[in-house]
Amino acid sequence: MQVKKDCVVLMHYTLTNDQGDVLDSSEGREPLKFLQGAHNIIIGLEKAIEGKQQGDTFDVSVEPEEAYGVRHEQMIQKVPKSAFQGVEDLAVGMSFQAETEHGPVPVKITEVVDDVVTVDGNHELAGQRLHFKVSIEDVRAASQEELEHNHAH
């Protein structure tokens, strides 16, 4: 069976950046399971998988626009420590939900200097070209329940 919309796909993958550093991998774990066409994975990878079938292996590079987007400098802001009420020890790498006019946005602390905290609302992989080594392990039709829930079970 070929991968097409509304199929459940099981795949193994290794994700690397332009420098060849491994960012994520399913090695040693269960294959990643997702519903094709439901945007459960980044769009560039979903496009590359379309038409493949069980047993296929391939490499694909995905540009930022079809991965986690380009970096937006306006998503980086300096805020006073007082904005983090009830949090005593702020540290680089801590994650929070920021309330914005567009709803909650996940942010990560990237710098703490005196009473000023720099937060970044960009996804950590935004702006990066991503390289995948993929192995399609299984393809099957999705159940009605999976289609209703918009993800694989």
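Only a predicted model underlies this, so the values are computations on that prediction, with no experimental measurement involved.

### Topic: the sheet that holds strand β8 (residues 116-120)
One open sheet holds the 4 strands; their spatial order is β5-β8-β7-β6, and the pairing between them is antiparallel. Edge positions in the sheet fall to β5 (76-80) and β6 (95-100), since each has one partner strand and no second. Neighbour to neighbour, the strand axes of the sheet diverge by 45 degrees on average, direction disregarded. Of the strand pairs in this sheet, β6 and strand β7 (residues 103-113) are connected by 6 bridges, and their pairing is antiparallel.

### Digging into the environment of I76
Looking at the secondary structure, you find I76 in strand β5. The sequence separation of I76 and E99 amounts to 23 residues, and the corresponding C-alpha distance is 14 Å.

### Focus on unusual backbone geometry
We note that H39 has phi near 60 degrees; this positive angle belongs to a residue other than glycine. Note that H39 resides in the loop between β3 (32-35) and α1 (43-49). Positive phi, normally seen in glycine, also occurs at D114, with a value near 55 degrees. When you line up the elements, D114 lands in the loop between β7 and β8. Overall, D114 belongs to the exposed group, its relative accessible area being 65%.

### Here's the deal with the packing of aromatic side chains
The tally for this structure, following the rule as stated, stands at 1 aromatic pair. Taken together, a centroid distance of 5.0 Å and an interplanar angle of 65 degrees make the contact between F84 and F96 edge-to-face. Highlighted residues: F84 in the loop between β5 and β6 and F96 in strand β6, separated in sequence by 12 residues. Here K52 stacks its cationic end above the ring of F58, 4.8 Å away from the centre of that ring.

### Topic: the nonpolar core
Residues M11, L45, I49, F132 and I136 are the most contacted members of the largest nonpolar core, which totals 22 residues. For this core, the elements supplying multiple residues, two or more each, are β1 (7-16), α1, β4 (57-62) and β9 (130-141). With residues up to four places along the chain from it excluded, the contact list for M11 reads S26, P31, L32, F34, L45, I49, V134, S135, I136 and E137. Counting residues in each nonpolar core, the second largest holds 8 residues, with L90, V105, I109 and V117 among its members.

### Some points on the pattern of salt bridges
Counting across every chain of the model gives 9 salt bridges. Close ionic contact of R29 with D24 constitutes a salt bridge, the shortest N to O distance being 3.7 Å. When its relative accessible area of 46% is taken as the criterion, R29 is described as partly exposed. With a closest N to O distance of 2.4 Å, E66 and K47 form a salt bridge. You can see E66 sitting in the loop between β4 and β5 and its partner K47 sitting in helix α1, a full 19 residues away along the chain. Each of the salt bridges in this network shares a partner with another, and the network as a whole consists of D18, E63 and R129.

What counts and how
- Sequence order sets the numbering: in each chain, residues are counted from 1 along the sequence as written.
- Local features are withheld for residues below a pLDDT of 70 in this predicted model, meaning they are given only at 70 or higher, and side-chain atom pairs are given and counted only at 80 or more; totals for whole chains, interfaces and linings count all residues.
- Just so you know, side-chain values use all the structure's heavy atoms and leave hydrogens and water out.
- Note on pairing: DSSP must find at least two bridges between two strands before they are called paired.
- Secondary structure counts use DSSP, requiring at least four H or I residues in a row for a helix and at least two E residues in a row for a strand, with both numbered from the N terminus.
- Axis lines are fitted through C-alpha atoms, for helices just across the contact stretch, and the angle between N-to-C directions can take any value from 0 to 180 degrees.
- Relative accessible area decides the class of each residue, using a 1.4 Å probe on protein chains only: under 20% of the type maximum gives buried, over 50% gives exposed, and in between gives partly exposed.
- Geometry of aromatic contacts follows a simple scheme: Phe, Tyr and Trp rings, the Trp one being its six-membered ring, pair when their centres are within 6.5 Å, and the pair is stacked under 30 degrees between planes, edge-to-face over 60, tilted otherwise.
- Our definition puts a charge over a ring when NZ of Lys or CZ of Arg is within 6 Å of the ring centre and also within 35 degrees of the ring normal.
- Only buried Ala, Val, Leu, Ile, Met, Phe, Trp, Tyr and Cys residues count toward a nonpolar core, and they belong to the same one when joined by side-chain atoms within 4.5 Å.
- Contact between two residues is taken to exist if any of their heavy atoms lie within 4.5 Å; hydrogens are not considered.
- A carboxyl oxygen of Asp or Glu within 4 Å of a side-chain nitrogen of Lys or Arg is what we treat as a salt bridge.

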